[in-house]
Amino acid sequence: MARSRASIDSFGPSLGSPRSSIHSVSSRQKQKRRCTWPVIVFVIVLLAISGVLIWHFTPWEEFFNKITPDFKGPNSSPTDATEYVFNQCETKEECCNGLDGICDSKVNEVLFAATHNSYASQDTEFAFFGNHFKNIKLQLQAGYRGINVDVCNCFGKLVFCHGTCAVTRDPKEDFATLVEFLNQNESEILLLTMEAVNNPLGGGGTVFLNDVYSLISGIDGFLDYLYIHPDPLIPWPTLRELRDSGKRLLFFQYYGKECDDETTCRGIHKFFDHGVETPFEFNSADDIMDYQDSCMEDRGSDGSKAFFGINHFTKLPSSRKAEQLGTTDQLHSRIDNCSAQNRDRPISFVYVDFWTRGNLPQVTQERNIQISRRRNTM
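Residues numbered from 1 in each chain as written. Predicted model: local features only at pLDDT ≥ 70, side-chain atom pairs only at ≥ 80, totals over all residues. Heavy atoms only, no water.

### Some details on the state of the cysteines
Within the structure shown, the criterion is met by 6 disulfides. Two residues share a disulfide in this structure: Cys295 and Cys338, whose sulfurs sit 2.0 Å from each other. A torsion of -75° about the S-S bond marks the disulfide between Cys295 and Cys338 as left-handed. Here Cys338 lies in helix 13 (residues 328–341) and Cys295 lies in the loop between helix 11 (291–294) and strand 12 (307–311), a separation of 43 residues in the sequence. A relative accessible area of 0% means that Cys295 is categorised as buried. (Disulfide = S-S within 2.5 Å. Helix = DSSP H or I, 4+ residues; strand = E, 2+ residues; numbered from the N terminus. Buried < 20%, exposed > 50% of the residue type's maximum accessible area, 1.4 Å probe, protein only.)

In structure tokens form, the structure reads like this:
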């Protein structure tokens, strides 16, 4: 009997001692609390980051516009840029970018209607973070010949992004859309600008131009259209020369990591070697209408450049502000003032948000017609 008792006691006090049972439960609770706190902290940090991203990138004004009444009246409607007929050519031989008579103008002397963050439309992955209602294909159909994209390296893959890897879009479809458009419109020249967003929020890395070149090389026909400018000091070709050569796609980039050697990535031009632009972080439409400041040369202002671009959008995307800024009078006024303030230099492109709410294609053609008339009277 004593041996049996000893055998039982040899298992220790855990079987029969209330104190040891309480101690064991308490230890497990402490261990559970120690495991739980890191999880709670991680969740709080994750929610905080998500809240900041949502607050910063969600177009709240667009949301409130949808749930509040429009006091303009029940019969009012926003400007619809898709109603304007961009192509006004009467002859195939003299047609360039929708007009007769401008083919002998240099490409940096005519105006391109352009969209800012062209890929970020609410009918794609950017439903809650869009700069536009409609996608790149419809932008091209409406007369926009300047396309602007932001490219990120998210987890080792190049994607379109909006400063964060939380919402992205595969570039292949939109790049293929540019090629398809050029295939179907033999007289049109496109201008593509790409900003490399290095180290975006949410796990992004550096954008290497070698990788960008590999990406566009995989798009059937893209490199066939790509124009290669030999040197910033050499004058740019005319629209006719680009059209007849078949090299009808001009590609510029900002902030991308340089290629390994000079022979790689030819055709991806460093924008600030060739162009300058106005400031772009405007809080309101009134800031943009203050031409003394909004028309200043900003990025790329060192030296004489061939291209001059106007940023005509507010920092936070807003369709109502885009409509206010997109009237014919307002667009002509901004272009006139920015040109006059900068030695009467021609404006190469104007970037807008919510392109369907303005008249930029119409203004573009009106100004390019003036260029044609001046050339014909020389």
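Right, picking up where we left off after that structure.
### Some remarks on the environment of Glu258
Structurally, the position occupied by Glu258 is in the loop between strand 9 (249–254) and strand 10 (268–270). A C-alpha to C-alpha distance of 7.8 Å links Glu258 and Asn210, two positions 48 residues apart in sequence. With sequence-adjacent residues up to four places away left out, Glu258 is seen in contact with Leu209, Asn210 and Lys270. (Contact = heavy atoms within 4.5 Å.)

### Observations regarding the environment of Lys134
For Lys134, the location among the structural elements is in the loop between strand 3 (112–115) and helix 4 (136–142). On the basis of relative accessibility, which here comes to 39%, the residue Lys134 falls in the partly exposed class. Beyond its immediate stretch of four places on either side in the chain, Lys134 contacts Ser121, Asp123, Gln139, Trp355 and Thr356.

### Topic: the packing of aromatic side chains
One pass over the structure, following the stated rule, counts 19 aromatic pairs. Between the aromatic rings of Trp236 and Phe307, the centroid separation amounts to 4.9 Å while the plane-to-plane angle is 85°, which identifies the pairing as edge-to-face. Placement of the pair is Trp236 in the loop between helix 7 (222–225) and helix 8 (239–245) and Phe307 in strand 12, with a sequence separation of 71 residues. This pair shows no difference in class: Trp236 is buried, exactly as Phe307 is. Taken together, a centroid distance of 5.7 Å and an interplanar angle of 90° make the contact between Phe252 and Phe271 edge-to-face. Taken together, the positions of Phe252 in strand 9 and Phe271 in helix 9 (residues 271–274) put the pair 19 residues apart, joining distant regions of the chain. Taken as a pair, Phe252 and Phe271 share a single burial class, namely buried. A connected cluster of aromatic rings, assembled from ring pairs, spans Tyr227, Trp236, Phe252, Tyr254, Tyr255, Phe271, Phe272, Phe307, Phe349 and Tyr351. (Phe/Tyr/Trp six-rings, centres within 6.5 Å; stacked < 30°, edge-to-face > 60°.)

### A word on unusual backbone geometry
Here Arg343, not a glycine, exhibits a phi torsion of approximately 65°, which is positive. In this structure, Arg343 sits in the loop between helix 13 and strand 13 (349–352). Look at Asp344: it is not a glycine, yet its phi comes out positive at around 55°. Residue classification places Asp344 among the exposed positions, given a relative accessible area of 59%.

### Section: the nonpolar core
In terms of nonpolar packing, the biggest core is built from 35 residues, with Phe175, Leu192, Phe222 and Phe251 touching the most fellow members. Among the elements that make up this core, the one with the highest residue count is helix 5 (residues 171–184) (5 residues). Ignoring sequence-local partners within four residues, the contact set of Phe175 consists of Phe160, Leu192, Leu215, Ile216, Ile219 and Phe222. Residues Leu99, Ile102, Tyr227 and Phe272 belong to the second largest nonpolar core, which totals 23 residues. (Core = buried A, V, L, I, M, F, W, Y, C linked by side-chain atoms within 4.5 Å.)

### Structural notes on the pairing of strand 13
Side chains of strand 13 alternate between two faces, with Phe349 and Tyr351 and Val350 and Val352 buried alike. Sheet analysis places strand 3 next to strand 13, joined by 4 bridges and oriented parallel. Bridging across to strand 13, Phe112 finds its partner in Phe349. Of the pairings in the sheet, the one linking strand 12 to strand 13 comprises 3 bridges and is parallel in character. Paired with Gly309 across the strands is Phe349, a residue of strand 13. (Pairing = 2+ DSSP bridges.)

### Here we look at the confidence of the model for the chain
Any region with low pLDDT has predicted coordinates that should not be read closely. On average, residues of the chain score 84 in pLDDT, and 78% of them reach the 70 mark or higher. Across residues 52–58, where pLDDT falls below 50, the model places 14 contacts with residues more than four positions away in sequence or in other chains. Below pLDDT 50 for its whole length, residues 60–79 participates in 26 contacts with residues either more than four positions away or in separate chains. (pLDDT = per-residue confidence, 0-100.)

### Examining the pattern of salt bridges
Following the criterion strictly, the structure yields 13 salt bridges and no others. Residue Arg169 is joined to Glu125 by a salt bridge in which the shortest nitrogen-to-oxygen separation is 2.8 Å. A residue pair is termed long-range when its members are at least 10 positions apart, and Arg169 in strand 6 (residues 168–169) and Glu125 in the loop between strand 3 and helix 4 qualify at 44 residues. For Arg169, a relative accessible area of 7% gives the class buried. In the salt-bridge network here, residues are joined through shared partners; they are Glu125, Arg169, Glu173 and Asp174. (Salt bridge = Lys/Arg side-chain N within 4 Å of Asp/Glu carboxyl O.)

### Thoughts on a negative patch on the surface
Together, Asp286, Asp287, Asp290 and Asp293 line one region of the surface with negative charge. Within the secondary structure, Asp293 sits in helix 11. Take Asp293: its relative accessible area is 44%, and that puts it in the partly exposed class. (Patch = residues over 30% accessible without salt bridge, like charges linked within 9 Å, V, L, I, M, F, W, Y side chains within 5 Å. Areas by Shrake-Rupley, 256 points an atom, 1.4 Å probe, with all protein chains shown as cover. Lys, Arg positive; Asp, Glu negative; His and termini not counted. Charge placed at Lys NZ, Arg CZ, Asp CG, Glu CD.)

### Description of the pairing of strand 5 (residues 157–161)
Within strand 5, 4 of the 5 residues are buried, which leaves the element mostly enclosed by the surrounding structure. In terms of strand pairing, strand 4 (residues 146–154) meets strand 5 through 4 bridges, oriented antiparallel. Note that in strand 5 the partner of Cys152 across the bridge is Val159. Taken together, strand 4 and the strand that follows it, strand 5, pair antiparallel across an intervening segment of 2 residues, in which Phe155 is found at a positive phi of about 55°. The hairpin turn running from strand 5 into strand 6, its antiparallel successor, is 6 residues long, and Gly163 in that turn takes a positive phi close to 85°.

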